[in-house]
Amino acid sequence: MIKTAESYHVPVLLKESVDGLNIRKGGIYVDVTFGGGGHSREILSHLSGNAHLYSFDQDLDAEQNIKYLTESDKELSKKFTFVRSNFRYLKNWMRYYGVDKIDGLIADLGVSSHHFDDENRGFSFRFDDAPLDMRMNKESGKQAFDVLNDYKEEDLARLFYVYGELKQSKRIAAAIVKGRANKAIRTTTDFLKIVNPFFMRVREKKDMAKLFQALRIEVNQEMQALTKMLTSAIELLAPGGRLSVITYHSLEDRLVKNFMKSGNAEGKISQDFFGRIKTPFKLVNNKVIVATDEEIERNPRSRSAKLRIAEKKHEERG
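Let me sum up the structure you'll find in this document. (Residues numbered from 1 in each chain as written. Predicted model: local features only at pLDDT ≥ 70, side-chain atom pairs only at ≥ 80, totals over all residues. Heavy atoms only, no water.)

1. Some thoughts on the overall build of the protein
Part 1 of the reasoning: Of regular secondary structure, the protein possesses 14 helices and nine strands.
Part 2 of the reasoning: Counting over 318 residues, the protein shows a buried share of 54%.
Part 3 of the reasoning: Look at the contacts in the protein between residues 6 or more apart in sequence, and 70% of them connect residues 24 or more apart.
Part 4 of the reasoning: Split by element, the accessible area of the protein, about 16,000 Å² in all, is 50% carbon and sulfur. (Helix = DSSP H or I, 4+ residues; strand = E, 2+ residues; numbered from the N terminus. Buried < 20%, exposed > 50% of the residue type's maximum accessible area, 1.4 Å probe, protein only. Contact = heavy atoms within 4.5 Å. Areas by Shrake-Rupley, 256 points an atom, 1.4 Å probe, with all protein chains shown as cover.)

Here it is in structure tokens:
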């Protein structure tokens, strides 16, 4: 029996997302968000013959979970390759491993519960005096500390509005710039003292979560990385190959929806000579798949999850 790091991260929409790949036993698959290894474990259980799974994660903590997949079945390691890298470099790594085409790609875009529960990572406002880090890759450069203390006021306002969808983004940005002039914003406590006055108690937790989300997206360049990964996926997927993506907030969901419908980040529709919409995908589920009440009860994180599945089209002729 293959183990997984359940304490690290409980996989969301596990059966639905893996079933959506329509796995061929001898196929080549990619899990671009390894995390605790839950989705990778399920994919591996379907593979045989010359099949192979490449799993990506840029976080050193996630790499420690490889043992849960391979320790009980050494043969499994022959079908599995871990790539410690941001998934934005998907195409480069597939070229490195000599892979021209893949049969399916799965992505669980949410931040792992492990990250939210680690007070030293600064992902959550639940912890006092936590360092303002928020890097998914602890070896990368820019931290949330750098964003809050170095960005211009207009740039802070933009990221809080675009990535956090906060109406008071300009006022929050002005308060941050004023506050850091007296003292550098070093911890979550420093940050919360500045922004707390802008949030009504009835919506405090939701708006605070949006604020931290905006910082995290900026620190990790999440939207840019997602765009690059999806662009690479279009090139790499073989005809009939599947793309199975779980999203958690409106920004990433809109981006995934655009790619699946039009093949580009903007969602721009183009037509051929005969008026047919030109898109590399056909949708497998026209309506997003969401978690059941039972799953939400077991794993509250699944409440905001949306699953979209698309299949790479065969080239049309005529």
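2. What about the pattern of salt bridges?
Part 1 of the reasoning: Using the criterion set out here, one finds 12 salt bridges in the structure.
Part 2 of the reasoning: E218 is the salt-bridge partner of K142, the closest N and O atoms lying 3.9 Å from each other. Of this pair, K142 sits in the loop between α6 (113-117) and α7 (144-150) while E218 sits in helix α11 (residues 204-220), and the two are 76 residues apart along the sequence.
Part 3 of the reasoning: K183 is the partner of D190 in a salt bridge, and the nearest nitrogen-oxygen pair spans 3.5 Å.
Part 4 of the reasoning: Here K183 falls in the exposed class, since its relative accessible area comes to 52%. (Salt bridge = Lys/Arg side-chain N within 4 Å of Asp/Glu carboxyl O.)

3. Notes on the nonpolar core
Part 1 of the reasoning: L105, F160 and F191 are the most contacted members of the largest nonpolar core, which has 63 residues in total.
Part 2 of the reasoning: Ranked by residues supplied to this core, first place goes to helix α12 (residues 222-236) with eight residues.
Part 3 of the reasoning: No fewer than three residues from each of domain 1 (14-113 + 222-312) and domain 2 (122-220) sit in this core.
Part 4 of the reasoning: What F160 contacts, discounting residues up to four positions off in sequence, is L148, E165, L166, S169, I172, I176, L211, A214 and L215. (Core = buried A, V, L, I, M, F, W, Y, C linked by side-chain atoms within 4.5 Å. Domains from an automatic or database assignment.)

4. Points about unusual backbone geometry
Part 1 of the reasoning: Its identity is not glycine, yet N22 carries a phi of approximately 50°, on the positive side.
Part 2 of the reasoning: One can find N22 in the loop between α1 (14-19) and β1 (28-31).
Part 3 of the reasoning: Note on N22: relative accessible area 49%, which makes it partly exposed.
Part 4 of the reasoning: In this structure, Q221 is a non-glycine residue whose phi angle is positive, near 50°.
Part 5 of the reasoning: Structurally, Q221 is set in the loop between α11 and α12.

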